[in-house]
Amino acid sequence: MPENVHIDNATSVGNYLSLYLGQNQGVRLGESVVVSRKAHARMPEKKIKGQIKILTNRDAGKTYLDFVDEDQVVHIDVYHKPGEIYPDDVARAIYHGICNYFLTRDPQLKYAEDELYRMVSAYNHKIYIVTNQGKGLLYDLLQENISPFMVGEEGYDHVHILARFNRDEYYLVYVIAEAVEEVIIASEVKLAKVRNIVHGTQKQKEDSFSGYIKLPWKKLKGQNASALPEKENVNQLIVKLAEKFGGVEEIEEFMESYSTNIFKRKGMDQQKKKWGDVEHYVEQLEELGILKDTPAGKILTRKGKELKEYVINHKCELETEIRRSIRKMPSGGSGRFIRLGSADFKSHRIEYINRNKTINNIRNWSGDLAVPESIVQAKKNGFLRGDEHFTIKKEDLHYYQKRNYIPVNVCLLLDSSGSMAGEKRQAACYLAQHLLLTGKDKVAVVAFQEKSSRVVVPFTRKESELKKGLFTINPAGLTPMAHGIIKALKLIEESRIKNPLLVLITDGLPNVPLWTMDAKADTLRAAAMIADKNIRFVCIGVESNRYFLEKVAEKAEGILYFVNDLNRDNLINIVRHEKKAILAGKNMA
């Protein structure tokens, strides 16, 4: 194929996809490739063979990669007949295909290898590949780091690709599809024909907890498991709700939204603003007999009101269950992020006396004397020595053991502008609770929104104080980032804590100035103050804002993590990673 034809085809496909994908439609490329920004489903073969359904209500990024925001991912499926397709072969073909395309479009790049490498490697973490022989990001597969394919996943009879492309990059879909088809053919596997595609909806496959939580008044059909105590089942439901809403107070507020008191009710839009998508939970509570439909809307049933009273009267017990659940949050998860920059930061150790353990060391007399243990030891040794009277000698002395550790006190600086409403707010609040419950150091929260910032929670080890503050976060308005940084620095300075870690979480760019008329310039000026105060700084942002956030991290002499999505797994994994780096103690004083 002539080079100009190859480029023209890619450009035409890019324009074609911009039109149809922008209208939430899927398209078929050739006979075997289906592209959309939605999830795909196979129609039953007995009805219509070779027909693919584009699920218009299921965003590909949210469905397959746990994204919060929609329309970030292009979903490419290349269908084939039975046969083994290896993901590393697909990865290499895609990498070389993109490289060759750029070289064809601009032949001068062959004299600028560094620039070519930069352009191609930018997609290493943007393309996720699944075949029936394994899966992984393009970068990992090129390193032959292949995760196993699990039965039931996408990719059994097709190469499943998720690419984070914006509209200007849709031409690469043609390059990828062509490269994948060549790999399939080279593997001596035949391509499968997609006869046509249709558009429709499918109910989200979420955890249907109404099916396994057996409440005292809910008799489940086909339930063979032995019944649990009534209290344990109710607590199980509350813990499940806490995963979504955050705590007992917020569960109570959610249930108030379905009371008969119209002044306490929150509409669906208000609920989504604070907690994100809640429809699934409403459906589950209806199935459990807690909510019901009325001409005036959904309200609590009699059993729902009893459950609400139970929540109010058993707050302490329920909070204990919720804390246990948060502590069990596993490491790893589905968090995906890229780390940029480095920090030259000296950690300070703190020494303390361990009153639970003593040592008997005649060479080291330093430390607090453990009197009871020393007397007991003297009595034993005196008997063995044959002492006539009770005496304490040097070898009888016990001392409380000295220990030291590196405290990491975290200040979360949260963007609370309107774009952070819903799941992003909940993820940030969950991170704060997780840090407090899984560590022994203090946690603080500063939020910035509208035209100012405020200390939501000062440095504390009290969970009640933390939750009380988090409850007041209601995202809205603009992004005064410089205000937030200055407020956080003042809090850290006044608190006089050891090894502060300032974590900025944002999905936007500053648009409210502090000192001048330029909000971005003021933010960079404020960030430079972080470095002056020797505070370890971490910025977590979305890739679309990478250019500016790199400058912020550079000015603060800190680290930037840019992520696909500000979800719970990403936030927890990043802060864990940073705390481990500090605890490793490479730079200590």
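Everything numeric in this text was worked out from a predicted model, so none of it was measured.

1. Side note on the packing of aromatic side chains
And then number 1: Counted according to the given criterion, the structure contains nine aromatic pairs.
And then number 2: Between Phe 245 and Phe 254 the ring centres are 4.3 Å apart and the planes differ by 25 degrees, which places this aromatic pair in the stacked class.
And then number 3: A relative accessible area of 0% means that Phe 245 is categorised as buried.
And then number 4: In this structure Phe 254 comes out as buried when scored by relative accessible area, which is 1%.
And then number 5: Three or more aromatic residues link up through ring pairs in this structure, and these residues are Phe 245, Phe 254, Tyr 258, Trp 275 and Tyr 281.
And then number 6: Lying over the aromatic face of Phe 548, Lys 520 brings its terminal NZ or CZ to 5.7 Å of the ring centre.
And then number 7: It is Arg 525 that lies over the ring of Trp 515; its NZ or CZ is 4.2 Å from the centre.

2. Describing the sheet that holds strand β2 (residues 33-36)
By definition, the strands of a sheet pair up through backbone hydrogen bonds, in either a parallel or an antiparallel sense.
And then number 1: With antiparallel pairing, six strands are arranged side by side in an open sheet as β1-β2-β5-β8-β6-β7. Only two strands of the sheet have a single neighbouring strand rather than two, namely β1 (27-29) and β7 (134-137). The mean inter-strand angle of the sheet, taken between neighbouring strand axes irrespective of direction, is 15 degrees.
And then number 2: Relative to strand β8 (residues 158-163), strand β6 (residues 127-131) runs antiparallel, the two being bridged by four bridges. Residue Tyr 128 lies in a different strand from β8, and its bridge partner there is Leu 162.
And then number 3: Contacts between helix α3 (residues 87-105) and the sheet are confined to β6, β7 and β8, with β6 contributing the most and set at about 145 degrees to the helix.
And then number 4: Docked against the sheet, helix α6 (residues 171-186) engages β1, β2, β5 (74-79), β6 and β8, running at close to 25 degrees with respect to β5.

3. A few points about a positive patch on the surface
And then number 1: On the surface, Lys 81, Lys 190, Lys 193 and Arg 195 cluster together to form a positively charged patch.
And then number 2: Judged by its relative accessible area of 65%, Lys 190 falls in the exposed class.

Analysis parameters
- Residues numbered from 1 in each chain as written.
- Predicted model: local features only at pLDDT ≥ 70, side-chain atom pairs only at ≥ 80, totals over all residues.
- Heavy atoms only, no water.
- Phe/Tyr/Trp six-rings, centres within 6.5 Å; stacked < 30°, edge-to-face > 60°.
- Buried < 20%, exposed > 50% of the residue type's maximum accessible area, 1.4 Å probe, protein only.
- Lys NZ or Arg CZ within 6 Å of the ring centre and 35° of its normal.
- Pairing = 2+ DSSP bridges.
- Helix = DSSP H or I, 4+ residues; strand = E, 2+ residues; numbered from the N terminus.
- Axes fitted to C-alpha atoms, helices over the stretch in contact; angles between N-to-C directions.
- Contact = heavy atoms within 4.5 Å.
- Patch = residues over 30% accessible without salt bridge, like charges linked within 9 Å, V, L, I, M, F, W, Y side chains within 5 Å.
- Areas by Shrake-Rupley, 256 points an atom, 1.4 Å probe, with all protein chains shown as cover.
- Salt bridge = Lys/Arg side-chain N within 4 Å of Asp/Glu carboxyl O.
- Lys, Arg positive; Asp, Glu negative; His and termini not counted.
- Charge placed at Lys NZ, Arg CZ, Asp CG, Glu CD.

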